[in-house]
Amino acid sequence: MEDTAIYALAYLPSGALVAGSARGDLSITGDGSPLWTRKFSFARPVTSLLVVSSEEIYAATWSAGVYRFSQQGATAEAVNAGLQDLYVNVLHSGASGYLFAGTRTSGVFRSDLDNIFWQNTGGGSISREVIAFRTSQYGELFAGTGTGVYLSTDTGLHWTKLDVGIGSQEVRALAISDNAT
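Keep in mind that what you see is a predicted model, and the values were worked out from it rather than measured.

**Describing the pattern of salt bridges**
Counted by the stated rule, this structure contains six salt bridges. Arg-23 is the salt-bridge partner of Asp-25, the closest N and O atoms lying 2.8 Å from each other. Given a relative accessible area of 41%, Arg-23 falls into the partly exposed group. Arg-68 is the salt-bridge partner of Glu-56, the closest N and O atoms lying 3.8 Å from each other. Taken as a pair, Glu-56 in strand β6 (residues 56-61) and Arg-68 in strand β7 (residues 65-69) lie far apart in primary sequence, 12 residues in all. The class for Glu-56 is buried, based on a relative accessible area of 19%. With relative accessibility at 22%, the residue Arg-68 sits in the partly exposed group.

Structure representation (structure tokens):
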């Protein structure tokens, strides 16, 4: 691995690992092998990886949007139709069947996994930096942003700000306990 400043790491169903770097390299290990091979170079930092299956992996980049590729594929295709902000911080997919992208300045975008076309969701309630997502066991979607935590109970269409008791408004990580706390 040439660039060891790793911004994103994901485990594939095959047992391989995929890593995205600050330089924009996307590297992958062999099945069970500790050796890394550079698969793609996006020339932009890879900020998030989302594994749907070994045949469908998504990479978010800083200023080049979202790419889709497979473990065995030789190319990565940009899937940015409708995405108004190509600075993507985080990708997420819960049990809802939707793909979510959290962006630097335009909030949350949602797409159907079967036909990638991004739509800005939330009616402008999240209009700033989205840094983290988490889905509860009940299907509630949480977003950590530069201005606090937001909750959606309708697969990202509408968002409510949850700001009581949060000391810092910048939320970079979310965790949910077994009782959905």
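**A short note on unusual backbone geometry**
Backbone geometry places Ala-43, a non-glycine residue, at a positive phi of 60°. Positionally, Ala-43 belongs in the loop between β4 (36-41) and β5 (46-53). Phi at Thr-155 is positive, roughly 50°, even though this residue is not glycine. One can find Thr-155 in the loop between β15 (148-152) and β16 (160-162). Classification of Thr-155 by relative accessible area gives partly exposed; the value is 27%.

**Details of the side chain of Ser-152**
In this fold, Ser-152 is placed in strand β15. Of the polar contacts made by the side chain of Ser-152, one reaches the side chain of Asp-154; its length is 2.9 Å. Side-chain polar atoms of Ser-152 contact the backbone oxygen of His-158, separated by 3.0 Å. Aside from chain neighbours lying at most four places away, what touches Ser-152 is Gly-139, Glu-140, Leu-141, Leu-157, His-158 and Trp-159.

**Regarding the packing of aromatic side chains**
Taken as a whole and assessed by the stated rule, the structure comprises six aromatic pairs. Both rings, one in Phe-40 and one in Phe-69, keep their centres 5.3 Å apart while their planes meet at 70°; by these two values the pair is edge-to-face. A residue pair is termed long-range when its members are at least 10 positions apart, and Phe-40 in strand β4 and Phe-69 in strand β7 qualify at 29 residues. Neither Phe-40 nor Phe-69 differs from the other in exposure class; each is buried. Geometrically, the ring pair formed by Phe-100 and Phe-133 is tilted, given 6.1 Å between the ring centres and 45° between the ring planes. You can see Phe-100 sitting in strand β10 (residues 98-103) and its partner Phe-133 sitting in strand β13 (residues 130-135), a full 33 residues away along the chain. Overall, the relative accessible area of 1% leaves Phe-100 in the buried class. Given the relative accessible area of 5%, Phe-133 is considered buried. A cation over a ring is seen here: Arg-110 above Tyr-98, with NZ or CZ 3.8 Å from the ring centre.

Cut-offs and rules
- Residues numbered from 1 in each chain as written.
- Predicted model: local features only at pLDDT ≥ 70, side-chain atom pairs only at ≥ 80, totals over all residues.
- Heavy atoms only, no water.
- Salt bridge = Lys/Arg side-chain N within 4 Å of Asp/Glu carboxyl O.
- Buried < 20%, exposed > 50% of the residue type's maximum accessible area, 1.4 Å probe, protein only.
- Helix = DSSP H or I, 4+ residues; strand = E, 2+ residues; numbered from the N terminus.
- Polar contact = N/O pair within 3.5 Å; in protein donor to acceptor, adjacent residues only side chain to side chain.
- Contact = heavy atoms within 4.5 Å.
- Phe/Tyr/Trp six-rings, centres within 6.5 Å; stacked < 30°, edge-to-face > 60°.
- Lys NZ or Arg CZ within 6 Å of the ring centre and 35° of its normal.

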